[in-house]
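Residue-level listing of the chains:
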Amino acid sequence: MNDLLNHIADKDLRLIAEKISGNVRITPEDGLYLFNKADLSLLGVLAGISRKKHNGNFAYFNHNFHIEPTNKCIYNCRFCSYHKPDGDPESWEYSHDEMLDIVKRFDNKPVTEVHIVGGVHPAYDLHYWGSLIGKIKAHRPHLHVKAFSAIELDYMINKAGLTIEDGLNRLKEYGLDSIPGGGAEIFDETLRKLICDEKSSSELWLTIHETAHRLGISSNATMLYGHIENYNHRIDHMERLRKLQDKTGGFNSFIPLKYKKTNNSMSYLGEVNLIEDLKNYAVSRIYLDNFPHIKAYWPMIGKESAQLSLSFGADDMDGTIDDTTRIYSMAGSKEEKPAMTTEEICQLIRQAGLIPVERDSLYNPISYPSGPSGEASGELKEK
Ligand code: V47
Ligand code: SF4
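Calculation criteria
Each chain has its residues counted from 1, following the order in which its sequence is written. The naming scheme follows written order: chains are lettered A onward, ligands numbered 1 onward. A pLDDT threshold of at least 70 governs which residues receive local features in this predicted model, and a stricter bar of 80 or more applies before side-chain atom pairs are shown or counted, although totals over entire chains, interfaces and linings include all residues. Excluding hydrogens and water, the side-chain values take into account all heavy atoms of the structure. Near is defined per residue: the residue qualifies when any heavy atom it owns lies within 4 Å of the molecule or strand. Here a polar contact means two N or O atoms within 3.5 Å. Within protein one must be a hydrogen donor candidate and the other an acceptor candidate, and residues neighboring in sequence count only if both atoms are side-chain atoms. Areas reported as accessible are Shrake-Rupley estimates using a 1.4 Å probe. Residue values count occlusion only from the protein chains shown. Under the scheme used here, helices are H or I runs from DSSP no shorter than 4 residues and strands are E runs no shorter than 2 residues, and both carry numbers assigned from the N terminus. Residue type decides the class: Asp, Glu, Lys and Arg count as charged, Ala, Val, Leu, Ile, Met, Phe, Trp, Tyr, Cys and Pro as nonpolar, and the leftover types, Gly among them, as polar. A simple rule labels every residue: compare its accessible area, found with a 1.4 Å probe on the protein chains alone, to the largest value its type can have, and call it buried under 20%, exposed over 50%, or partly exposed in between. In this analysis, a patch consists of residues with relative accessible area above 30% that form no salt bridge, clustered at 9 Å for like charges and at 5 Å for the nonpolar side chains Val, Leu, Ile, Met, Phe, Trp and Tyr. By definition, a salt bridge exists where a carboxyl oxygen of Asp or Glu is found within 4 Å of a side-chain nitrogen of Lys or Arg.

(A) Up close: the site of ligand 1. Taken together, 23 residues surround ligand 1, and among them Phe79, Lys146, Gly183, Glu185 and Lys295 come closest. A distance of 3.1 Å separates an oxygen atom of ligand 1 from a polar atom in the backbone of Gly182. Within the side chain of Glu185, an N or O atom sits 2.4 Å from an oxygen atom of ligand 1. In isolation ligand 1 exposes 630 Å². Once the protein is present, 95% of that is buried. Contributions of two or more residues to the shell around ligand 1 are made by β6 (218-225) and β7 (251-258). For the shell around ligand 1, the per-class residue count stands at 10 nonpolar, eight polar and five charged.

(B) Quick look at the side chain of Arg350. By the secondary structure assignment, Arg350 is in helix α16 (residues 342-351). According to the relative accessible area criterion, Arg350 is buried, its value standing at 3%. Here Ser370 takes part through its side chain, which lies 2.5 Å from a polar atom of the side chain of Arg350.

(C) View of a nonpolar patch on the surface. Residues Leu194, Ile228, Tyr268 and Leu269 make up a contiguous nonpolar surface patch of about 380 Å² in total accessible area. Structurally, Leu194 can be placed in helix α9 (residues 189-196).

Take it as geometry only, folks, not as evidence of what the structure does.
This is the structure:
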């Protein structure tokens, strides 16, 4: 490694690389320098060091499905291709029974998690959504329920007239297991005003996650990138997350979400390219040194790019999904009917030179389809 570091001509970059390989936390200025000055191959190597420290040669996936209860939303985020106002012919809203039917479709399948996220429906409070969780748990008690972005939580808890702490406690009693990372978007207040003015503030997003962690509910964090933000904004976003994680340790994974341009009012911006995606995964892995996992969410970025991101710091491919999410196909993702078999997801991981691990929602290993040292990974030799 020292040999490699000696070949870095830029002295500042060399010092940052030495910090990373020596396990020393990098500063916001270092993070910015990496974004601006490091070439992609160096970022791949440095993110690889960090990735290996956290996750060895393992890459994770799970068996999951989504429920998107409604696309009716009181907000109007400019990047969102999903929401429709109540009464719009393209809006939908599932009843509890319809959502339970989705759960029942998986009765004979080895899924371990349901991910529930949708629009902020004006009519329903915490008890409506909590009782849905209760019914799901009554039907399948061991299914992990990862549900509701901080934005949905803010609205439903408020509508029920509860404090954040009491609301989250109540949802925990109903059966909520963990919280997904949505709604973080970009924390910078000036940008937030421009792209999603009405939704809960950055401070409130962070408070909801902090409170959840304190109550023993773990969560994920996201960052919407590739729109009007610059590298300073991304580092600021990650710095706020890193600080909170130092305090609580309650985040499981960080999920960079690439802005997709179809059917929303920011389309004129276009989309950033794959190099930018990989840089962003790499700097995220290095910067968020207290986050155990970096997730490449393949329904958004595509299977091949998600596979490539495993060489740039990501260690988790999310799940098999089984064609249960529409958010990203509506925003223009090429994964129009996202679904992967276990074999397909493992193959992608093995081809990247890593060992697939089926995990539960808290990243406890469930099985090693290729054995714990990857000994069964003959697929590496295939095309
Ligand atoms: O908050 C909306 C994003 C998020 C677009 O925790 C868009 O495991 C790109 O949070 N282009 C919701 N992104 C999805 C989410 C999520 C996804 C996967 C895994 C997890 C997890 C959480 O989707 C929203 C917003 O940031 N989004 N529109 C768009 N046009
Ligand atoms: Fe509503 Fe979420 Fe879309 Fe914003 S991103 S408009 S909160 S569904």
